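# Observations on the three-dimensional arrangement
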Amino acid sequence: MLTETTTRVLEPTDLGAALAVLESAPVENAFVTARVQLAGLDPGASAARCGAGTPGAAALALLLRRQPGPDLRHPQAVRAFADRARRTGRRCSSIVGPAEPTTELWRLLEPSWGPARDVRANQPLMVAEEPSTTVEPDPLVRRVRKDEMETIMPACVAMFTEEVGVSPLANDGGLLYQARVAELVGAGRSFARIEDGKVVFKAEIGAATRQACQIQGVWVAPEHRGKGLSETGMAAVLRYALADVAPVVSLYVNDYNTPARASYRRVGFRETGAFMSVLF
């Protein structure tokens with residue numbers, strides 16, 4: 001029986017153990033692993049706050065008890081984490097994780113954390129390990145340059161608002177969001193097709209580890225939709241990702257977005273699992 005003493009905030013000395021657990025599921029944990037590798041486990045770092053919002057963080061707590069073979073989907077881990085999260089109160093804008101444990105986590109948290117603004121219970125996780133053999137990559141999709149921030153930002157804001165349902169500029173005028181976009185541009189992980197100074201297609205590699213990376217922020221300008229640009233654009237980003245970033249490329253998509261799912265399948269992605277997102 002787990003008690004409240006089985007969970008605690010991870011410390012820098014836990015880094016090796018934490019990474020061992022995260023890397024046991026490299027595709028599902030790509031985002032958290034990338035942030036932990038970047039910033040460590042300093043409780044004041046963004047990586048620590050990021051990891052605290054995922055079901056996997058509870059499994060890390062189990063690992064720290066030296067129990068053999070911790071399972072990232074262990075129901076006891078989810079319950080232990082939910083107990084702690086209820087006591088500390090909600091400090092996040094979303095919960096994202098593998099669908100099964102996240103469903104249970106939200107069931108336990110909803111009475112105290114709810115209501116949510118939106119619950120996306122089934123977001124297929126898709127992966128690709130080879131360049132597309134059926135879709136020719138768009139030769140005009142390229143890395144966004146650092147001097148193109150003013151060009152890419154409106155497209156990023158439009159994508160975020162359309163996908164999440166709120167503007168990323170709402171709280172702080174967009175300072176944090178702009179910093180995140182600049183981080184990806186500076187790292188060479190922002191890609192776009194730009195015509196006459198306007199973004200036609202864009203996507204980013206939002207998380208990257210040695211084992212896997214995750215594409216996010218896929219967007220086509222409304223006036224260019226229906227022309228197949230998402231497929232050729234994604235084929236180009238997939239090629240860049242496999243050549244320069246990681247041997248496995250992943251993304252997750254809303255289950256009701258059937259055109260996008262079909263498009264990604266045509267590029268060569270296959271569905272291997274499902275995520276769930278709870279948005280506040």
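### Let's talk about the pairing of strand E6 (residues 213-220)
Taken across its eight residues, E6 has six buried, putting it largely inside the fold. As judged from the six bridges shared by strand E5 (residues 198-208) and E6, these two strands associate in the antiparallel manner. Directly across from Glu204, in E6, lies its bridge partner Gln216. The hairpin formed by E5 and E6 contains four residues between the paired strands. Taken together, the two bridges between E6 and strand E7 (residues 249-252) define a ladder with parallel strand orientation. Within the sheet, the bridge partner assigned to Gln214 lies in E7 and is Ser250. Remark: the E6/helix H9 (residues 229-244)/E7 crossover connection has right-handed handedness.

### Considerations on the nonpolar core
Among the nonpolar cores identified, the biggest contains 27 residues, and Ile215, Met234, Val237, Val249, Leu251, Tyr264 and Phe269 are the most heavily contacted of them. Counting only elements with at least two residues in this core, the list comes to strand E2 (118-128), E5, E6, H9, E7 and helix H10 (258-267). Ranked by the residues each element gives to this core, the list is headed by H9, at eight residues. Apart from the residues within four sequence positions on either side, Met234 is in contact with Phe201, Ile215, Val218, Leu251, Tyr264, Val267 and Phe269. Counting 15 residues, the second-largest nonpolar core is a separate cluster that includes Ala155, Met159, Val199 and Trp219.

Conventions we followed
- Residues numbered from 1 in each chain as written.
- Predicted model: local features only at pLDDT ≥ 70, side-chain atom pairs only at ≥ 80, totals over all residues.
- Heavy atoms only, no water.
- Buried < 20%, exposed > 50% of the residue type's maximum accessible area, 1.4 Å probe, protein only.
- Helix = DSSP H or I, 4+ residues; strand = E, 2+ residues; numbered from the N terminus.
- Pairing = 2+ DSSP bridges.
- Right-handed = clockwise from strand over helix to strand, strands pointing away.
- Core = buried A, V, L, I, M, F, W, Y, C linked by side-chain atoms within 4.5 Å.
- Contact = heavy atoms within 4.5 Å.

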